[in-house]
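Here is what each chain is made of, one letter per residue.
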Amino acid sequence: QVPLVESGGGSVQAGGSLRLSCAASGSTYLTYCMGWFRQAQGKEREGVAAMTTGGGSTYYADSVKGRFTISQDNAKNTVYLQMNSLRPEDSAMYYCGAYRGRCLRHPIYSDMEYWGQGTQVTVSS
């Protein structure tokens, strides 16, 4: 009921930047927690960043603080993840997730009700 479509992934060298986009369909009158997650090969899906639509606190994993920024474009109904100073360990499939209501804590995958299909990020040394 709430389709999410990620885009913006690709292959970059260490130190480079990418901006991921999560286009969502949903009412602007409703509040959602929008989160970014990543899953490397053979590992658990891990929360990277999250924000509440319309404003509020943001959450970041310690490993990305100071390098990644989550933001929202209300006009485009899109949430972004700006990723700077990328490292090889950032390589993963990145997913956008969401649930109704405000973000209350750091993003946890089991909290999310809706998921996109993912976009691959590969960072080379």
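What counts and how
Sequence positions are assigned chain by chain, starting from 1 and proceeding in written order. Only residues with pLDDT of 70 or above have their local features reported here, since the model is predicted, and side-chain atom pairs are shown and tallied only from 80 upward, although totals for entire chains, interfaces and linings are computed over all residues. Based on all heavy atoms of the structure, the side-chain values leave hydrogens and waters out of the count. Numbering of helices and strands runs from the N terminus; a helix is a DSSP stretch of H or I covering at least four residues, while a strand is a stretch of E covering at least two. We take the radius of gyration over the C-alpha atoms and set the globule estimate at 2.2 Å times the residue count to the 0.38 power. The classification of residues rests on relative accessible area computed with a 1.4 Å probe and restricted to protein chains. Under 20% of the type maximum is buried, over 50% is exposed, and intermediate values are partly exposed. Reported accessibility uses the Shrake-Rupley method at a 1.4 Å probe radius. Residues are deemed covered only where the shown protein chains occlude them. Charge assignment: positive for Lys and Arg, negative for Asp and Glu; neither His nor the chain ends contribute. Just so you know, the charge point we use is NZ for Lys, CZ for Arg, CG for Asp and CD for Glu. The aromatic pairing rule takes the rings of Phe, Tyr and Trp, using the six-membered ring of Trp, and pairs them if the centres are within 6.5 Å, calling planes under 30 degrees apart stacked, those over 60 edge-to-face and the rest tilted. To sit over a ring, a charge needs its Lys NZ or Arg CZ within 6 Å of the ring centre and within 35 degrees of the ring normal. Any two strands between which DSSP finds at least two bridges are classified as paired. Note on method: axes are straight lines fitted to C-alpha atoms, helices fitted across the in-contact stretch only, with angles between N-to-C directions ranging 0 to 180 degrees.

### A closer look at the overall build of the protein
For the protein, the count of helices and strands is zero helices and 11 strands. For the protein, the C-alpha radius of gyration of 13 Å lies close to 14 Å, the compact-globule estimate for 125 residues. Counting only C-alpha atoms, the protein reaches 45 × 25 × 25 Å along its principal axes. The 125 residues of the protein split such that 40% are buried. Carbon and sulfur atoms provide 45% of the accessible area of the protein, an area that totals close to 6700 Å². Computed over 11 positive and 9 negative side-chain charges, the separation of the two mean positions in the protein equals 4 Å.

### What to know about the packing of aromatic side chains
Tallied over the full model, the rule gives two aromatic pairs. These aromatic residues form a ring-pair network of at least three members: F37, Y95 and W115. Between the NZ or CZ atom of R19 and the centre of the ring of Y80, over which it lies, the distance is 4.4 Å. In this structure, R45 is placed above the aromatic ring of W115, and the distance from its NZ or CZ to the ring centre is 4.7 Å.

### Let's talk about the sheet that holds strand 3 (residues 18-24)
Strand order in this open sheet of four strands is 1-3-8-7, and the pairing throughout is antiparallel. The sheet is open, and its two borders are formed by strand 1 (4-7) and strand 7 (68-73), each paired with just one other strand. On average, each strand axis in the sheet is tilted by 15° relative to the strand beside it, whichever way the strands run. Here strand 1 pairs with strand 3 via four bridges, running antiparallel. Paired with E6 across the strands is C22, a residue of strand 3.

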